[in-house]
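# Topology and contacts: notes
One-letter residues, chain by chain:
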Amino acid sequence: MSLICPLCHQPLLQQANSFRCDAGHQFDQAKEGYVNLLPVQHKGSREPGDSAEMLQARRAFLDAGHYQPLRAGVAEILAQHLSNQNSQLLDIGCGEGYYTAALADALPQAQLFGLDVAKAAIRMAAKRYRTVKFCVASSQRLPFADASLDGVVRIYAPCNEEELSRVIKAGGYLLTVTPGPHHLQQFKALIYCEVQLHAAEEKMYAGFKQISQQNQNYSMTLSGSEAVSLLQMTPFAWRAREEVWQDLAASSEFTCDADFMLTLWQRD
């Protein structure tokens with residue numbers, strides 16, 4: 001176990017249903033199985049992260065299988081590089097655990113961790129996916145020891161690049177998923193007067209080298225309710241007018257593009 005105390009950064013040891021460090025800080029495991037490692041002074045707001053409504057919309061959409069190709073692609077890439085190891089792997093911003101669970105299935109010998117700042121998300125994840133160790137924590141202050149992780153998955157999630165360098169061991173991997181140029185462009189057409197394609201993320205991570213990059217692009221045919229759920233999952237939700245929501249809900253079919261860039265990095 002590579003968890004560290006978020007207050008003093010000493011190793012956390014599990015004792016029955018609690019995690020304790022040598023300084024005496026204690027974090028109790030919730031009945032669902034997760035541990036809250038987000039001190040109140042690090043929360044930033046009363047209930048950080050996605051709302052319960054957004055989480056329910058995401059789970060409904062993901063359970064329908066529309067992002068299954070992405071899920072399978074993420075799991076396949078990590079399995080190719082970590083399948084022969086008793087690895088420790090972290091899913092940053094894991095939400096309700098959809099991708100984390102696929103990684104656990106693809107890497108049965110690995111120890112999977114899921115981290116999110118939203119307690120409601122982690123509670124949902126822990127109730128459904130019992131083989132994963134979930135924790136409430138900030139991606140800006142990862143509660144993991146230096147050079148303790150073999151891999152980190154970052155799917156759209158915010159992160160602290162210095163923290164990624166700190167926790168990923170030499171030779172370990174970082175897999176990022178970012179929007180491809182045409183991702184959800186049909187939603188943009190409903191909201192903006194002029195549709196602009198997503199700009200490619202031209203990013204370098206200090207201390208990492210890029211190993212591979214692949215584009216995943218396919219068309220999705222959604223029901224009206226599924227289109228509403230997807231819109232709730234996106235930043236476009238804040239800009240959509242009421243008539244957009246109504247038109248989507250009333251539609252029998254809505255077709256849009258899924259477009260992702262999957263980039264694999266390796267720690268020097």
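Looking at an unreviewed UniProt entry, one finds the chain named 23S rRNA (Guanine(745)-N(1))-methyltransferase, with Pantoea trifolii as its source organism.

It is worth spelling out the overall build of the chain at this point. If you tally the helices and strands in the chain, you get eight helices and 11 strands. For the chain, whose C-alpha radius of gyration is 19 Å, the value lies close to the compact-globule estimate of 18 Å for 268 residues. Sorting the 268 residues of the chain into buried and exposed places 51% on the buried side. Contacts in the chain between residues at least 24 apart in sequence constitute 66% of all its contacts with a sequence separation of at least 6. In the form shown here, the chain has an accessible surface area of approximately 12700 Å², with 47% of it arising from carbon and sulfur atoms. Between the centroid of the 23 positive side chains of the chain and the centroid of its 28 negative side chains there is a distance of 8 Å.

Before going further, it helps to spend a moment on the sheet that holds strand β1 (residues 13-15). Backbone-to-backbone hydrogen bonds join strands into a sheet, with any given pair of strands oriented parallel or antiparallel. Strand order across the open sheet formed by three strands is β1-β2-β3, with antiparallel pairing between neighbours. Each edge of the open sheet is held by one strand with a lone partner, namely β1 and β3 (26-28). Here the strands of the sheet are splayed against their neighbours by 30° on average, with no regard to which way each runs. Where strand β2 (residues 18-20) lies against β3, three bridges are found, and the strand directions are antiparallel. Following the sheet pairing, Ser 18 is matched in β3 by Asp 28.

The next subject is the environment of Ala 16. Tracing the backbone through its elements, the reader meets Ala 16 in the loop between β1 and β2. Residues Ala 16 and Gln 29 lie 13 residues apart in sequence; the distance between their C-alpha atoms is 8.9 Å.

UniProt annotation of "domain: Methyltransferase" (unreviewed entry) refers to residues 84-196 when read in the numbering used here. With 29% helix and 30% strand, residues 84-196 has end C-alpha atoms that lie 43 Å from one another.

Within the largest apolar cluster, 58 residues are counted, with the highest numbers of intra-cluster contacts made by Tyr 67, Met 220 and Leu 230. Among the nonpolar cores identified, the runner-up in size contains 27 residues, and Cys 21, Leu 37, Cys 135 and Leu 164 belong to it.

Per the counting criterion, the structure on display carries seven salt bridges. A salt bridge links Arg 128 to Asp 63, with the nearest nitrogen and oxygen atoms 3.0 Å apart. Taken together, the residues Arg 128 in helix α4 (residues 119-128) and Asp 63 in helix α1 (residues 52-63) connect sequence positions 65 residues apart. Judged by its relative accessible area of 38%, Arg 128 falls in the partly exposed class. In this structure, Arg 166 engages Glu 163 in a salt bridge whose closest nitrogen and oxygen atoms are separated by 2.8 Å. Taken together, the residues Arg 166 and Glu 163, both in helix α5 (residues 161-167) and three residues apart, mark about one turn of the helix. Bridged by salt links that share partners, the residues Asp 146, Glu 163 and Arg 166 form one connected network.

In this section: the pairing of strand β8 (residues 149-155). Summarising burial for β8: seven of the seven residues are buried, a large majority. Here four bridges tie strand β5 (residues 88-92) to β8, and the two strands are oriented parallel to one another. In the strand pairing of β8, Leu 89 is matched with Gly 151.

Moving on, we come to the packing of aromatic side chains. Two measures describe an aromatic ring pair: the distance that separates the ring centres and the angle between the ring planes. For the coordinates displayed, the defined rule picks out eight aromatic pairs. An angle of 85° between the planes, with centres 5.0 Å apart, marks the rings of Tyr 98 and Tyr 99 as edge-to-face. Given a relative accessible area of 4%, Tyr 98 falls into the buried group. Residue classification places Tyr 99 among the buried residues on the basis of a relative accessible area of 11%.

Pairing is mixed across the open sheet formed by eight strands, whose spatial order is β4-β7-β6-β5-β8-β9-β11-β10. At either end of the open sheet lies a strand with only one pairing partner, and these are β4 (35-36) and β10 (208-222). Pairing of β5 with strand β6 (residues 111-116), which is carried by five bridges, proceeds in the parallel orientation. Residue Leu 89 lies in a different strand from β6, and its bridge partner there is Leu 112. Sheet strands in contact with helix α7 (residues 224-233) are β10 and β11 (254-267), and its direction is about 150° off that of β10.

So, how was this worked out
Residues numbered from 1 in each chain as written. Predicted model: local features only at pLDDT ≥ 70, side-chain atom pairs only at ≥ 80, totals over all residues. Heavy atoms only, no water. Helix = DSSP H or I, 4+ residues; strand = E, 2+ residues; numbered from the N terminus. Rg over C-alpha atoms; globule rule 2.2 N^0.38 Å. Buried < 20%, exposed > 50% of the residue type's maximum accessible area, 1.4 Å probe, protein only. Contact = heavy atoms within 4.5 Å. Areas by Shrake-Rupley, 256 points an atom, 1.4 Å probe, with all protein chains shown as cover. Lys, Arg positive; Asp, Glu negative; His and termini not counted. Charge placed at Lys NZ, Arg CZ, Asp CG, Glu CD. Pairing = 2+ DSSP bridges. Axes fitted to C-alpha atoms, helices over the stretch in contact; angles between N-to-C directions. UniProt positions renumbered as here; feature names shortened; annotations may be inferred. Core = buried A, V, L, I, M, F, W, Y, C linked by side-chain atoms within 4.5 Å. Salt bridge = Lys/Arg side-chain N within 4 Å of Asp/Glu carboxyl O. Phe/Tyr/Trp six-rings, centres within 6.5 Å; stacked < 30°, edge-to-face > 60°.

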